[in-house]
Each structure stands twice: as C-alpha cells, then as structure tokens.
Amino acid sequence: MTPTFLHRYPLLVIVLAQLCGTSLWFSVNGVGLSLSRDLSFSEADLGRLTLTVQSGFIAGTLFIATTGLADRFRASHIFAASCLAGALTNAGFVLVADQMPLALTLRFLTGLCLAGIYPLGMKLVIGWTPRYTGAALAWLVGMLTLGTALPHLLRGSTLGFPWEWSLLGASILALLGGMGIFILGDGPHLPPSSGKARLLDGLAALREPRFRAVAGGYFGHCWELYAFWTLTPFLVAREVGRLDAQEAWIPWLSFTVIALGLVGCVGGGSLSRRLGSLWVARRALAASGLICLAYPLMTWLPPELLLGLLAVWGLTVIADSPQFSALAAASAPRERVGSTLAVMNAVGFALTIPAISLTTAFWELQGAWVLWWLLPGPILGLWVLRPLKLHDPASEGAAR
C-alpha cells in the first residue's frame, strides 16, 4: 500500500495495525494446550504467563503516563517501535519456553511493548477521526479483540506443525502493523506535544465526577474481560470433551468465541451513534454480567447450547470497552488525553491480575463455578455508573 492510500483510509490502517500488534498479547495462550503436552505446563503455569504480560502492560502504561511519552512524542513512532520490540520478545519466547524464569521475563517485556500499542492506538484514532469517536474506537477495540483471538486461529491452522510456528507468525504480524503505522504517521487533529508531564497530570481527570463514574465502569469491565478470555480455551475444551469431538476443534472454537467480540464492538459502535456511548456501555455490561451469573447454573445443558452461550458472552463482554474509552476521552483534558487513557488502562489492567489469578488457580478445583469470581466486576461497574444520565451531553457527545 502506498502512503497516499494509507492516508486516504487512516482508520482502516490503524485498526489493522492494532489487530497485528495485539496478536502478541495472548500468543502463548493460543498454544497453551501444546505447551501443556510438550512442556508439561499446568493451567496455573499458563495463568502465570498471562499475568506476567498484564503486569508488563501495567508497568508500561504507568511509565508512559509518568514520563509523558504518550503526549510528548509522536504516537506513530512509539507504536511502531513497540511493535518491533514486541515482535522480538515474543519470538524470543520460543528459545526459552522451557526455562520458566526467562519465559516470564520475556512475557513481561512483551507486556511493556503492548503498552505502546493499545493506548497509543486509541490516541491515533482520536487524532485521525475526531468525529464519531465511539464508533471509531469500536473498530479499534474490535481489532484488539480479534488480535486476542488470532493466536487460537494461528494454532488451529498450524495443527500438526510445531507450536513455535504460531508464535513466530504473531511476531511477523506485529512487524507489519508497526510498519503501516510508521508510514501513516500521526493525525492532524491532536494538540501539539505539551512538554514534560507528571503522573498527576494523567490523574487530573479523576477530579471530574463524570470521569470517575466512567472509569469505575471500565474497571468493573476489566475485572471480567481478561479472565474470561483466559478461561475460554478451558471452557471450550470442557464442552468439546463432552461432545467426544477431536481436540483440533478447541483452538477454532476458542477463536470464534473471542473473535465474536469484534461484532459486538462494531455493533455497539453503530448503536452509539444514535443512542450514545453510555446507553451501549450499560447494556453490554449488564448482558455479560447476566451470562456470568447464569453459566455455572447451566452446565447440565447440552454442550452445543453452552458453546452457543459462550459465543453470546464473547459478543457482549467487550462491546462496552470502546464506549468507556470514548466517554473517558470526552471527559479528559484534551492536552493530556494520552496520559489519562494510559493511567485508566493501567488501573483497569491491574484489576485483571487478581481475577486471572483466582480463576486459573481454582479451575481444577471448582470448574465452571470459578466464573462467579468474575461477578463483582459487572455488578460494581453498573453500580458506579448509576449517577450518569443518558442525556448528559458528554455521554451522548462522546459517541460523535
């Protein structure tokens, strides 16, 4: 693609780059069953590797917010450099997978690199498409979702080949995504760099009650989301086993459940243009919370129905995320939008750590009942959103 083409369709370039870059996030989970078979990894080991990526992402977002990198330097350059570094650390895992300390170190570094991809991708969207932010961010988060699912697709399409192929494929995709953003550059609708920043600048929006409510809803969403994505292969494997189907179905079905979040994000983004981001966020969070409550009570149902319920959960569990980001961007100081979103991401992802820890540690003991550990997220998220009014201009305007 030529630069002229790239600048004609900037949103397409950004969301495809996000897809490629975020394929690094769950690359190890995509080959989790192979690691369990070949290297004797347990569910707890896979959980530790996921938690380490989350920890690296949190540390990276806090570093970006503290140093002001998100607002002092070109977002496209940070994004591209992060894709390059992330591709290298992800590929390096192949060499040290059987040495857990080194494996955990490289996954932590991969998380650090992702901090330069996801929040900066949101800033790039705002810089290129200032109108209909909720709908535009829906595509971005949808591609994050598809990027999360992509390792399962890569594994499903390389069954019979060494699991290393899937990881190296994710690294190649990240390189392509970084290259596209480097050529595209920053958008014309962002304020100029604002000089040295402090962590408190990223927290400044918390003085605004509306932002606090939005951030609280986002935090509840985060508690549920990544633990659900981590458990998806386990839940799918349970139903595939009940069907006496081939193990080869597990990565394909896991990909489908997670990837359906793209449909939820884009559909929610379209609704946000008419009904507002707050309307969409509340209903998506309520729907995923109801499924979380009901699923452990329905494990006696035929496996086909439970796989269908997982698909609906995958559709709804992420649909609120871009709308929370749009609402937060509308409430944040414009000159510090990068730092503010980075801090919000850091706190939200910090909450994924106990959720993933609890569910992966208790999976063997509790089975599907571990899903109830996720319920506090949707419940508390909906509770803190109560003060917001549907006809608040910021709540509706965030989608425009």
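Residues numbered from 1 in each chain as written. Predicted model: local features only at pLDDT ≥ 70, side-chain atom pairs only at ≥ 80, totals over all residues. Heavy atoms only, no water.

Draft legend 1. Up close: the overall build of the protein chain. When helices and strands are tallied, the protein chain shows 21 helices and zero strands. Taking all 400 residues of the protein chain together, the buried fraction comes to 60%. The long-range fraction of contacts in the protein chain, counting pairs at least 24 apart against all pairs at least 6 apart in sequence, stands at 86%. Here the protein chain displays about 15,200 Å² of accessible surface, and carbon together with sulfur accounts for 69% of that area. (Helix = DSSP H or I, 4+ residues; strand = E, 2+ residues; numbered from the N terminus. Buried < 20%, exposed > 50% of the residue type's maximum accessible area, 1.4 Å probe, protein only. Contact = heavy atoms within 4.5 Å. Areas by Shrake-Rupley, 256 points an atom, 1.4 Å probe, with all protein chains shown as cover.)

Draft legend 2. Representation of the pattern of salt bridges within the structure. Inspection of the entire model under this criterion finds five salt bridges. R48 serves as the salt-bridge partner of D45, at 3.5 Å between the closest nitrogen and oxygen. With a gap of three residues between them, D45 and R48 both fall in helix α5 (residues 43-67), about one helical turn apart. Accessibility expressed as a relative area gives 17% for D45, which makes it buried. Its relative accessible area of 39% is what places R48 among the partly exposed residues. R242 is the salt-bridge partner of E239, the closest N and O atoms lying 2.6 Å from each other. One end of the pair, E239, and the other, R242, are both in helix α13 (residues 209-242), three residues apart, so they sit about a helical turn from each other. Looking at E239, the relative accessible area reads 0%, which means it is buried. (Salt bridge = Lys/Arg side-chain N within 4 Å of Asp/Glu carboxyl O.)

Draft legend 3. Region of interest: helix α16 (residues 303-316). Here α16 contains 14 residues, and its C-alpha end-to-end distance of 20 Å stays within 8% of the 20 Å for a straight helix at 1.5 Å per residue. Looking only at α16, the buried set comprises P303, L306, L307, L309, L310, A311, W313, G314 and T316. Buried-residue contacts for α16 involve α13, α14 (249-275) and α15 (277-294). (Expected span 1.5 Å × (residues − 1).)

Draft legend 4. Highlighting the side chain of T145. Examined against the element boundaries, T145 turns out to sit in helix α10 (residues 133-157). Judged by relative accessible area, T145 falls into the buried class, the value being 0%. Not counting residues within four places of it along the chain, the set of residues in contact with T145 comprises W229, I258, G261, L262, C265 and I318.

Remember that the coordinates give geometry; whether it matters functionally is a separate question.
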